[in-house]
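Geometric and topological summary
Residue strings, one per chain:
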Amino acid sequence: MFEQIAHNSLNKVTSTLKSLYSLRVNKIHKFQSKVNIEIKMGPFLLKTASTVAELKKALRLRYQVFYCELQGTPQNLGFDVDEFDFICDHLIIIDKKNQKTVGTYRLNCSQFNTEFYSENEFNIDRLKKLPLIKLELGRACIHKEYRTGVVIALLWKGIGEYMNKTNSDLLFGCASIKTSSPREAALLYRLFYEQNRLKPEFLTPPSIKFSMPQLDLWIQRFNAPLSEEEKLEAQKLIPPLFRAYLKIGAYVGGAPAWDPDFKCIDFLTILNKEDLNKSLWKKYKLHSESF
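Residues numbered from 1 in each chain as written. Predicted model: local features only at pLDDT ≥ 70, side-chain atom pairs only at ≥ 80, totals over all residues. Heavy atoms only, no water.

Some details on the packing of helix α5 (residues 182–194) against helix α7 (residues 228–237)
Packing of α5 against α7 brings their axes to within 9 Å, and their N-to-C directions diverge by 105°. One element, α5, and the other, α7, form an angle in the roughly perpendicular class. Residues R183, E184, L187, L188, L191 and E194 of α5 form the contact with α7, whose participating residues are E230, K231, E233, A234, Q235 and L237. (Axes fitted to C-alpha atoms, helices over the stretch in contact; angles between N-to-C directions. Helix = DSSP H or I, 4+ residues; strand = E, 2+ residues; numbered from the N terminus. Parallel < 35°, antiparallel > 145°, perpendicular 65-115°, else oblique. Contact = heavy atoms within 4.5 Å.)

Concerning the confidence of the model for the chain
For the chain, per-residue confidence averages 87 on the pLDDT scale, and 84% of positions sit at 70 or higher. The model gives residues 1–14 a pLDDT under 50, and that stretch makes two contacts with residues more than four places away or in other chains. Between residues 287–291, whose pLDDT stays under 50, and residues either more than four places distant or in other chains, the model counts eight contacts. (pLDDT = per-residue confidence, 0-100.)

Observations regarding the packing of aromatic side chains
Per the counting criterion, the structure on display carries twelve aromatic pairs. An angle of 50° between the planes, with centres 5.7 Å apart, marks the rings of F192 and F242 as tilted. Taken together, the residues span a long stretch of sequence, with F192 in helix α5 and F242 in helix α8 (residues 240–248) at a distance of 50 residues. Look at F192 and you get buried, because its relative accessible area is 0%. The exposure class of F242 is buried, given its relative accessible area of 2%. Ring plane angle 45° and centroid distance 6.1 Å describe the contact between F242 and F267, whose orientation is recorded as tilted. One end of the pair, F242, is in helix α8; the other, F267, is in strand β9 (residues 264–272), and 25 residues separate them in sequence. (Phe/Tyr/Trp six-rings, centres within 6.5 Å; stacked < 30°, edge-to-face > 60°. Buried < 20%, exposed > 50% of the residue type's maximum accessible area, 1.4 Å probe, protein only.)

Thoughts on α5
Look at α5: 18 Å from first C-alpha to last across 13 residues, which is about the 18 Å you get at 1.5 Å a residue. Regarding α5, the residues found buried are P182, A185, A186, L187, L188, Y189, R190, L191 and F192. Considering only its buried residues, α5 is in contact with β6 (170–177), α6 (215–221), α7, α8, β7 (251–252) and β9. A side-chain oxygen of the first residue of α5 lies 3.3 Å from the backbone nitrogen of R183; this N-cap is S181. One or two positions beyond α5, positive phi appears at N196, with a value near 60°. (Expected span 1.5 Å × (residues − 1). Polar contact = N/O pair within 3.5 Å; in protein donor to acceptor, adjacent residues only side chain to side chain.)

Points about the pairing of strand β5 (residues 134–142)
Consecutive residues of a regular strand have side chains that alternate between opposite faces of the sheet. Burial runs high along β5: eight of the nine residues are buried. By the bridge criterion, six bridges tie strand β4 (residues 100–109) to β5 in an arrangement that is antiparallel. Along β5, the bridge assignment pairs G103 with I142. By the bridge criterion, three bridges tie β5 to β6 in an arrangement that is parallel. Residue pairing in the sheet places E136 in a bridge with F172 of β6. At this point the chain moves from β5, through helix α4 (residues 149–166), to the parallel β6, and the crossover so formed is right-handed. (Pairing = 2+ DSSP bridges. Right-handed = clockwise from strand over helix to strand, strands pointing away.)

As for the pairing of β9
With nine of its nine residues buried, β9 lies for the most part within the structure. Side chains C264, D266, L268, I270 and N272 of β9 all project onto a buried face; the interleaved residues I265, F267, T269 and L271 project onto the opposite face, where all are buried too. Relative to β9, β6 runs antiparallel, the two being bridged by eight bridges. Within β9, the position partnered with F172 by the bridge is I270. Sheet topology note: the β7/β9 ladder contains two bridges and is antiparallel.

Here we look at the side chain of D95
Take D95: it is sitting in strand β3 (residues 89–95). For the buried D95, which has no salt bridge, the nearest side chain bearing the opposite charge is K97, at an N-O separation of 4.9 Å. For D95, the side chain forms a polar contact with the main-chain nitrogen of K97, separated by 3.0 Å. Among the polar contacts listed, one links the side chain of D95 to the side chain of Y146, at a separation of 2.7 Å. Once residues within four sequence positions are removed from consideration, D95 is found in contact with P43, F44, K100, V102 and Y146. (Lys, Arg positive; Asp, Glu negative; His and termini not counted. Salt bridge = Lys/Arg side-chain N within 4 Å of Asp/Glu carboxyl O.)

Side note on the pattern of salt bridges
Scanning the model with the defined rule gives 13 salt bridges in all. A salt bridge links R62 to D80, with the nearest nitrogen and oxygen atoms 2.8 Å apart. Residue R62 is found in helix α2 (residues 52–69), and its partner D80 is found in the loop between α2 and β3; the two are separated by 18 residues along the sequence. Of the two residues examined, R62 and D80, each falls in the buried class. A salt bridge links E119 to K128; the nearest nitrogen and oxygen atoms lie 3.0 Å apart. Accessibility expressed as a relative area gives 30% for E119, which makes it partly exposed. Owing to a relative accessible area of 33%, K128 belongs among the partly exposed residues under this scheme. The structure contains a network of salt bridges with shared partners spanning R62, D80, D82, D85, R106 and R139.

The structure is reproduced here in structure tokens:
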């Protein structure tokens, strides 16, 4: 028993040291925001992280959600960080009562960068060649005690404000669904196909490394219109944030990528500013004329 306790303690220390090493390697101490946003909304402050301390809080929240909550990592002292965090902006939501960072979203604009996280999983050459300013969304997470429509709305408000300030025309990013089933992945692909969410100019196939085994076989099986039961089954698989993308009018880049580390599939979602559902922007108090 004592050996197991010692082993777990060593794992905790090792994980923490790895996170701190990643921060240093990725030059987190040189971080500077590119676009500054600050909006007070009731008990919350919506802003872009502008200091190293604010960025670290966002990275720690991501670690708590992606690793501790979703993967069962037994400690929450680490940071979820990669090489893109230094070159991106980060929307954060702060609870003013306790100064806790409760939501975050990573923003990577083509005005500032030419490399995108999505390229790790997908071939996005078609998107990159479009003569538009593009904004990649990623690493979205909300603290489990704050997952309400209000906080999601605030994140969308921040995205809208960032779009205005960067004149972005196209949003894209990975939307994850927690499943390891190629059947369910194919079911979702067929649903999006029947909803006309695949456009030739937006097709972004997954790379060979991130292709899901047996997915093509299941896609071939779903070569006829889905039944109402199958449509309902597919709809239930879609998490709230992805559902919000679809309500706004998102397109899908094609077949999903398979992420073996997180045991999930990722669909590349694309949102054209001109096609955004104006009623949803109005709901989030983003006036259509500002777009």
